[in-house]
Amino acid sequence: MTRLCLALSLLLPALAACDDNDAEFWQQPNDLLPMVALDDRVAFVERISQTVFLLDPGDPTLTPRLVPVGKAPVAAVKRNGANQLLVLTKGDRGSPSEPAVPAELHVIDAVAATSDSYPLTGRFDAMAQSDDGRHLVLHHSPSGQSQADSALYNPNEMTLVDFGNPAAPTTKVTPKTIRSLGGVPSAVAFSPSYAFASGPRTLAVVLSQNYVTVQDIDHPDHTEISVPLCPQAASCNLTPAQVVFDPRNLSIYVRVSGAKDIYQITLTDLVKDLQPGQLPPTPPSNDFSASLSMLAVGSTPADMALYPVLVDDGIHGPQPESRLAVASSEARRLVIIDPSTSQAVSVATLVPVDHIVSFVTKVDGKDKQQALLVDRTQGSTSVLFADLEQVATTGGLALSDYPLGAAAKEVHPLFDVLGSVAGVVLVAGNYSGSAAVTVVDLATRSFSTFGASSPLALPTFETRIPSRLWSVDQGTGLCYLNLSERLDPTTGLLDEPRLATGEIWLDQNIVSITPLKTAGSQPVAAGTIPPRYLVVGHNDPGAIGNLTILDADHPDRANARAAYGFLLTNYLERKQP
């Protein structure tokens, strides 16, 4: 295994030249935010020097590129759909002798190592982003720990960021304070596009204790809509737990912990049915309204999933409609609800289902809506397959149970090249025993079981092709289980056997496993596939950087490289804030 180290001998002459009056020589140890995996790089944010280290595993020298950020970095995440790092800084309140420093959002390009910064009006510590990465909501976390040094702050203050269309990006930053009904935001969910007469809308649903807030984030200047979940505020304690979006019905479904109904928020288009002479709403009013109703389940829901069905009304032919599948582990029931009519069909389940994995199979060239129903909490040793479209007509006959070697505690979906769910991984207990891991091929309903002689540490899943489970054995053993076929892009043939296992022994204890998404950036010989890297972390008490780099698709100890001390790059040139 090749080892690349930063030469530290340059520190020795400096030691001889310094004296007690040279206070700037003695820098504090690195204070790092958790490592962030980008598409083909990893990023470390060092708080004291306010520096981002971008390490390209494909760089032969493993020398990081440095990007400065604002004062007091508090959070860093990868931007969805882009090879960019988002860094949130709190700034500083200042003092009688020091000016205040504003909070900032930094958007760092991983390849160019450049940063765009945006000043903020609030000192936020949490970020939520849409799946496509276009929209970002900055907010205060419920604990408010990052605001411990603030005199006053509004926990319902937010900032909405719109990065614009990728073809013509124009970033807009809009401060926003939503109405409070006694709670504070705990999470934000983003909708797909909803079609309204005046144009498409993307919605952000902000979850708070006892209510939710609906915000048109395509038009942040529009007034938010607060939707109370309680008929009266007294003695109400409802926590929104899950949100499902239904653009077809202009509806939003909210599952609430402890409630025996699903809350349906129906959006009414205020422009579509305007009568002659009526004027459309003008900003800051919305062009839609929201009303709340209940979809009866009869027992506490544990999970829900939306799926489409084709219904022939006898006039227009088969038309797509929405159905909501709701599982209740408490009552051992699966309930299929037609949201447009509130009609429901309930069937008994053999196991207390608390998780629904919906998927689609092809039958005679037509899509068939299916679901895998799993119990993750009460120790059932079987799972159920449900033909969702047949439940309403055949009841329990549409359910089939399959035995497991051990009760499932975790469920991880596997995706095909189109991003559709193709399989699941069921994990038992502490990743040990004769049936520690079960891989389910949903299309064929086939099960493959794998055992582990001792608990697997640091289980890490790659759920998109190539699907793989990484783990650690005895501290230094890096284990992997290939969960699906992998196509060689140069030949179009399978280059790895399905469900193969492997193990590589490294020199140091492993503390983290990070597979990168795409191939490295360094040029390779013609006809050669560039490697996609696996970044393995080791004990690093001095926070100076201690990683091992491997080819994730062909891990081999002989070709592993050690990156040690890279976080000391330009160490002596740094200044204390």
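All values derive from a computational prediction rather than experimental measurement.

Enquirer: When you look at the overall build of the chain in this model, what are you seeing that I'm missing?
Expert: Across its full length, the chain carries two helices and 43 strands. The buried share of the chain, taken over its 577 residues, is 50%. Taking contacts inside the chain between residues at least 6 apart in sequence as the whole, the part at least 24 apart equals 46%.

Enquirer: Would you mind showing me how to read the sheet that holds strand β32 (residues 410-415) here?
Expert: Pairing within the open sheet is antiparallel, and its four strands lie in the order β32-β33-β34-β35. The open sheet has two edge strands with one neighbour each: β32 and β35 (446-452). Direction aside, neighbouring strands of the sheet carry axes that sit 20° apart on average.

Enquirer: Please clarify how the state of the cysteines should be interpreted in this entry.
Expert: A covalent bond bridging the sulfur atoms of two cysteines is what the word disulfide describes. Scanning the entire structure with this criterion turns up one disulfide. Bridging Cys-230 to Cys-236, the disulfide has an S-S length of 1.5 Å. The sign of the -50° torsion about the S-S bond sets the Cys-230-Cys-236 disulfide as left-handed. Take Cys-230 and Cys-236: they sit in the same class, and that class is buried.

Enquirer: Just checking my understanding: could you explain the packing of aromatic side chains for this structure?
Expert: Given two aromatic rings, their pairing is described by the distance between the two centres and the angle made by the two planes. What the rule picks out here adds up to seven aromatic pairs. Plain terms: the ring middles of Tyr-402 and Phe-447 are 5.6 Å apart, the flat faces sit at 20° to each other, and that makes the pair stacked. Here the residue Tyr-402 occupies a position in strand β31 (residues 399-403), and Phe-447 occupies one in strand β35, the gap between them amounting to 45 residues. Tyr-402 gets classed as partly exposed once you look at its relative accessible area, which sits at 23%. The positively charged end of Arg-79 is found above the aromatic ring belonging to Phe-163, 4.1 Å away from the centroid.

Enquirer: What is the right way to read the sheet that holds strand β4 (residues 51-55) from this model?
Expert: Each strand in a sheet pairs with its neighbour through backbone hydrogen bonds, running either in the same direction (parallel) or in the opposite one (antiparallel). Pairing is antiparallel in the open sheet, where four strands are placed in the order β2-β3-β4-β5. Both outer strands of the open sheet, β2 (36-37) and β5 (65-68), are each paired with one neighbouring strand and no more.

Enquirer: What should I look at first to understand a nonpolar patch on the surface in this one?
Expert: Residues Val-417, Leu-418 and Ile-465 make up a contiguous nonpolar surface patch of about 340 Å² in total accessible area. Of note, Val-417 is situated in the loop between β32 and β33 (421-427).

Enquirer: Got a minute to help me understand the pairing of strand β7 (residues 84-89) in this structure?
Expert: As a general feature of sheets, a regular strand has side chains that alternate between the two faces. Buried residues dominate β7, accounting for six of its six residues. Going residue by residue along β7, you find Gln-84, Leu-86 and Leu-88 tucked away on one face and Leu-85, Val-87 and Thr-89 tucked away on the opposite face as well. Across five bridges, strand β6 (residues 73-78) lies against β7 in antiparallel orientation. Within β7, the position partnered with Ala-75 by the bridge is Leu-88. Between β6 and the antiparallel strand that follows it, β7, lie five residues; Gly-81 among them carries a positive phi value of about 75°. As defined by bridge partners, β7 adjoins strand β8 (residues 103-109) across six bridges and the pair is classed as antiparallel. Pairing of Gln-84 across the sheet is with Asp-109, part of β8.

How each quantity is defined
Residues numbered from 1 in each chain as written. Predicted model: local features only at pLDDT ≥ 70, side-chain atom pairs only at ≥ 80, totals over all residues. Heavy atoms only, no water. Helix = DSSP H or I, 4+ residues; strand = E, 2+ residues; numbered from the N terminus. Buried < 20%, exposed > 50% of the residue type's maximum accessible area, 1.4 Å probe, protein only. Contact = heavy atoms within 4.5 Å. Pairing = 2+ DSSP bridges. Axes fitted to C-alpha atoms, helices over the stretch in contact; angles between N-to-C directions. Disulfide = S-S within 2.5 Å. Phe/Tyr/Trp six-rings, centres within 6.5 Å; stacked < 30°, edge-to-face > 60°. Lys NZ or Arg CZ within 6 Å of the ring centre and 35° of its normal. Patch = residues over 30% accessible without salt bridge, like charges linked within 9 Å, V, L, I, M, F, W, Y side chains within 5 Å. Areas by Shrake-Rupley, 256 points an atom, 1.4 Å probe, with all protein chains shown as cover. Salt bridge = Lys/Arg side-chain N within 4 Å of Asp/Glu carboxyl O.

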